[in-house]
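Each chain is listed here by its residues.
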Amino acid sequence: MKDPKTTNQRKRKAIFCLILLIFISLFVLLFFILPEIRWRKEIAKLQNAQIGDVISFGGYVSFDFGAKNSVLGLYQNNEWIVLDRQGDQILLQSNYTVNYITSDNFNSLWPVSDMNVWLNNFYYNAAFSSKEKNIIMTTICDCNFLEDWSWYSSSDSDDKVFLLSYDEYNKYFLNQTSAKRMSKATGSYESYWLRTAAKDAGYYMLVTDSGSLDTVGTSALQGGYIVPAIWIDISNL
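Residues numbered from 1 in each chain as written. Predicted model: local features only at pLDDT ≥ 70, side-chain atom pairs only at ≥ 80, totals over all residues. Heavy atoms only, no water.

With that out of the way, let us pick up a nonpolar patch on the surface. Taken together, the side chains of Phe16, Leu20, Phe23, Ile24, Phe27 and Val28 make up a nonpolar region of the molecular surface, amounting to roughly 580 Å² of accessible area. Its location among the elements puts Phe23 in helix H1 (residues 4-47). (Patch = residues over 30% accessible without salt bridge, like charges linked within 9 Å, V, L, I, M, F, W, Y side chains within 5 Å. Areas by Shrake-Rupley, 256 points an atom, 1.4 Å probe, with all protein chains shown as cover. Salt bridge = Lys/Arg side-chain N within 4 Å of Asp/Glu carboxyl O. Helix = DSSP H or I, 4+ residues; strand = E, 2+ residues; numbered from the N terminus.)

Set out below in structure tokens:
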């Protein structure tokens, strides 16, 4: 006659091994198989990408802190609009806002601003895999401002992720509708920052919720939505 105690121990051990096997399988699926499938799909889309296309590249857990109807904590694919293509080099801008940032650094310049630091540290490392990072270019971002708005001077910055500038807004958006960006957290179009300084100290220009350019801008203290942009190079894929 079998010992009930021994039988129960074996059952518990079998259940534990089954749970462990399921956990390992899910880990491999989530962190190895699915990312590789996603990467192969991204490559195919990027190789054929044309200006105006919407593509997926990378993914992140929502960073839309403090927004009403927040979807914070939900994993989302990064969705991008192709703004420009020069051979194998492609300019992408997010199709949605990715965060709402307020800053205590009132007179910050773009190279050392909280927006730049957040984009090129937290967001860059959280949103892209090592393979995706390998094709994200370092972009020299000018910090030009309108001639009579000289409250500051600043050197250019070398960034992996950046905000569009006043000049890039005028270059890439042929109409206001194409410049509009929605927040998934609020479910509505929101104003978002450009990296170009406005006339008053501590202010940055905005793209409004209607897609128009607001050169008066808003203070970093008041906060604003972030819409990242990246240049990628697919020549080595």
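A few words now on the pattern of salt bridges. Under the criterion given, the structure shown has two salt bridges. For Arg195, the salt bridge is made with Asp142, and the minimal N-O distance between the two is 3.5 Å. Taken together, the residues span a long stretch of sequence, with Arg195 in strand E9 (residues 192-197) and Asp142 in the loop between strand E5 (139-141) and strand E6 (157-159) at a distance of 53 residues. Linking Arg195 and Glu168 is a salt bridge whose minimum nitrogen-to-oxygen distance equals 3.1 Å.

Position of Ser212 among the secondary structure elements: in the loop between strand E10 (203-207) and strand E11 (213-219). For Ser212, the side chain forms a polar contact with the side chain of Thr208, separated by 2.7 Å. Polar contacts involving the side chain of Ser212 include one to the side chain of Ser210, which spans 3.4 Å. In this structure, Ser212 is in contact with Tyr169, Gln176, Leu206 and Val207, ignoring residues within four places of it in sequence. (Polar contact = N/O pair within 3.5 Å; in protein donor to acceptor, adjacent residues only side chain to side chain. Contact = heavy atoms within 4.5 Å.)

With that out of the way, let us pick up the confidence of the model for the protein chain. This prediction gives the protein chain a mean pLDDT of 82; 81% of its residues lie at or above 70. In the predicted structure, residues 65-73 sits below a pLDDT of 50 and forms 20 contacts with residues beyond four places in sequence or in another chain. (pLDDT = per-residue confidence, 0-100.)

Next up on the list: the environment of Trp193. Its place among the elements puts Trp193 in strand E9. For Trp193, a relative accessible area of 0% translates into the label buried. (Buried < 20%, exposed > 50% of the residue type's maximum accessible area, 1.4 Å probe, protein only.)

Tracing the sequence through the fold places Ser129 in the loop between helix H2 (114-127) and helix H3 (130-135). The class for Ser129 is partly exposed, based on a relative accessible area of 29%. Sequence-wise, Ser129 and Trp39 are 90 residues apart; in three dimensions their C-alpha atoms are separated by 9.1 Å.

It is worth spelling out the nonpolar core at this point. In terms of nonpolar packing, the biggest core is built from 53 residues, with Phe57, Tyr123, Phe128, Trp193, Ile230 and Ile232 touching the most fellow members. Among the elements that make up this core, the one with the highest residue count is H2 (six residues). Ignoring sequence-local partners within four residues, the contact set of Ile230 consists of Phe57, Trp80, Ile90, Leu91, Leu92, Phe128, Ile136, Lys160, Val161 and Phe162. (Core = buried A, V, L, I, M, F, W, Y, C linked by side-chain atoms within 4.5 Å.)

Secondary-structure assignment places Glu168 in helix H4 (residues 166-172). Ignoring any residue separated from it by four or fewer positions in sequence, one finds Glu168 in contact with Phe162, Leu163, Phe173 and Arg195.

Scanning the model with the defined rule gives nine aromatic pairs in all. Relative to Phe128, the ring of Phe57 lies with its centre 5.6 Å away and its plane at 40°, an arrangement referred to as tilted. Residue Phe57 is found in strand E1 (residues 54-61), and its partner Phe128 is found in the loop between H2 and H3; the two are separated by 71 residues along the sequence. Under the relative-accessibility criterion, Phe128 is labelled buried at 5%. Ring centres of Tyr100 and Tyr225 lie 4.8 Å apart, and the angle between their planes is 75°; this geometry places the pair in the edge-to-face category. (Phe/Tyr/Trp six-rings, centres within 6.5 Å; stacked < 30°, edge-to-face > 60°.)

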